[in-house]
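# Examination of the molecular architecture
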Amino acid sequence: GAVVSQHPSRVICKSGTSVKIECRSLDFQATTMFWYRQFPKQSLMLMATSNEGSKATYEQGVEKDKFLINHASLTLSTLTVTSAHPEDSSFYICSTHQRYQETQYFGPGTRLLVL
Amino acid sequence: KQEVTQIPAALSVPEGENLVLNCSFTDSAIYNLQWFRQDPGKGLTSLLLIQSSQREQTSGRLNASLDKSSGRSTLYIAASQPGDSATYLCAVGAAAGNKLTFGGGTRVLVKP
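On a predicted model such as this, the values are computed, not experimentally measured, just so you know. (Residues numbered from 1 in each chain as written. Chains lettered and ligands numbered in written order. Predicted model: local features only at pLDDT ≥ 70, side-chain atom pairs only at ≥ 80, totals over all residues. Heavy atoms only, no water.)

### Observations concerning the overall build of chain B
Counting secondary structure elements, chain B contains 0 helices and 11 strands. Along its sequence from the N terminus, chain B presents helices and strands in the succession β-β-β-β-β-β-β-β-β-β-β. In terms of overall dimensions, chain B is globule-like: its C-alpha atoms have a radius of gyration of 13 Å, near the 13 Å expected for 112 residues. With respect to the three principal axes, the spread of C-alpha positions in chain B is 40 × 25 × 20 Å. Of all 112 residues assigned to chain B, the portion counted as buried reaches 42%. At a minimum sequence separation of 6, the contacts of chain B that also span at least 24 residues come to 54%. Put simply, chain B shows about 5300 Å² of open surface, and 48% of that area lies on carbon and sulfur atoms. Side-chain charges in chain B split into 10 positive and 8 negative, and the spacing between the mean points of these groups amounts to 5 Å. (Helix = DSSP H or I, 4+ residues; strand = E, 2+ residues; numbered from the N terminus. Rg over C-alpha atoms; globule rule 2.2 N^0.38 Å. Buried < 20%, exposed > 50% of the residue type's maximum accessible area, 1.4 Å probe, protein only. Contact = heavy atoms within 4.5 Å. Areas by Shrake-Rupley, 256 points an atom, 1.4 Å probe, with all protein chains shown as cover. Lys, Arg positive; Asp, Glu negative; His and termini not counted. Charge placed at Lys NZ, Arg CZ, Asp CG, Glu CD.)

Rendered as structure tokens:
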């Protein structure tokens, strides 16, 4: 069964609105979650590392005020795309791993389309 | 900065042929290397994880080798099937539980 879930799986919104994407670890507590973005026919690019109870760490070039990450519990991290624009349209995927384990488990992804 | 490259970008083979997918990385100081499968519009499924101290891992028809000194990994899929059609991604981890750097992927099509 699924180890990581994401909600919603698909979202369409108008330019200027904010969209929240949830990532849940179903089988274990996840102190760290990773958020990736994938453009069509391209690979995954890490956006930020979400740490439970502390601020997220963003990769170079990723605007932290635009992509708000909250990791308030050991099983849930959220990514909010604020004031979304068409160029934010992409496939957003989260991942996590079990403590002391290295295999990463990925969510099914959320496809965002900004009109 | 670690860079991961996968060649070829796309591959089409008839059913039954063996598949050979290549992955190279620029910084040999890796902690592990993972191979993933991604179906269109879906998330990633972990196939194999190779520790930096290991040279290969096997699971069923899949075998992955790692040559850390030369910065290369190869994924072999024996006796390919149409169900193996997907994009295969390799990713290197710099430290335990740390973020992964992905290659661009190889899109595989196995024709019946």
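### Quick notes on the packing of aromatic side chains
All told, the structure shown has 7 aromatic pairs over all chains when counted by the stated rule. Relative to B:Phe36, the ring of A:Phe106 lies with its centre 5.1 Å away and its plane at 80 degrees, an arrangement referred to as edge-to-face. Of this pair, A:Phe106 sits in strand 10 (residues 104–106) while B:Phe36 is found in strand 4 (residues 32–38), placing the two residues in two different chains. Each member of the pair, A:Phe106 as well as B:Phe36, carries the same accessibility label: buried. Plain terms: the ring middles of A:Phe106 and B:Phe102 are 5.9 Å apart, the flat faces sit at 80 degrees to each other, and that makes the pair edge-to-face. A residue pair is termed interchain when its members come from two chains, as with A:Phe106 in strand 10 and B:Phe102 in strand 10 (residues 100–102). Exposure remark for B:Phe102: the relative accessible area of 8% places this residue in the buried category. Taken together, the aromatic side chains of A:Tyr36, A:Phe106, B:Phe36 and B:Phe102 make up a single cluster linked through ring pairs. The ring of A:Phe67 carries A:Lys66 above its face, with NZ or CZ at 6.0 Å from the centroid. (Phe/Tyr/Trp six-rings, centres within 6.5 Å; stacked < 30°, edge-to-face > 60°. Lys NZ or Arg CZ within 6 Å of the ring centre and 35° of its normal.)

### A look at the interface of chain B and chain A
Listed by partner, the interface residues are 20 residues for chain B and 17 residues for chain A. Roughly 1500 Å² is buried in total at the junction of chain B and chain A, and carbon and sulfur atoms are behind 53% of that figure. The salt bridge partner of B:Lys99 is A:Glu59, with a shortest N-O separation of 3.0 Å. At the surface where chain B touches chain A, the tally comes to 4 residue pairs in polar contact (both at pLDDT 80 or more). Secondary structure elements with two or more residues in the side of chain B that touches chain A: strand 4, strand 5 (44–51) and strand 10 of chain B. Considered class by class, the residues forming the side of chain B that touches chain A number 7 nonpolar, 11 polar and 2 charged. (Buried area = accessible area lost by both parts, 1.4 Å probe. Salt bridge = Lys/Arg side-chain N within 4 Å of Asp/Glu carboxyl O. Polar contact = N/O pair within 3.5 Å; in protein donor to acceptor, adjacent residues only side chain to side chain. Nonpolar A, V, L, I, M, F, W, Y, C, P; charged D, E, K, R; others polar.)

### Brief notes about the pattern of salt bridges
All names here are of chain A. Counted under the stated rule, the structure contains 5 salt bridges over all chains. In this structure, lysine 66 engages aspartate 88 in a salt bridge whose closest nitrogen and oxygen atoms are separated by 2.9 Å. Separated by 22 residues along the polypeptide, lysine 66 in the loop between strand 6 (57–58) and strand 7 (67–73) and aspartate 88 in the loop between strand 8 (76–81) and strand 9 (90–97) bring together distant segments of the chain. When sorted by exposure, lysine 66 lands in the same class as aspartate 88, which is buried.

### A word on the nonpolar core
One recurring pattern in soluble globular proteins: nonpolar side chains tend to sit buried together. Within the largest apolar cluster, 24 residues are counted, with the highest numbers of intra-cluster contacts made by A:Trp35, A:Phe67, A:Leu79, A:Tyr92 and A:Leu112. Only strand 2 (10–13), strand 3 (19–25), strand 4 (32–38), strand 5 (44–51), strand 7, strand 8, strand 9 and strand 11 (110–114) of chain A provide two or more residues apiece to this core. Sort the elements by how many residues they give to this core and strand 3 of chain A lands first, with 3 residues. One finds B:Leu19, B:Cys23, B:Leu33 and B:Val110 within the second-largest nonpolar core, a separate group that totals 22 residues. (Core = buried A, V, L, I, M, F, W, Y, C linked by side-chain atoms within 4.5 Å.)

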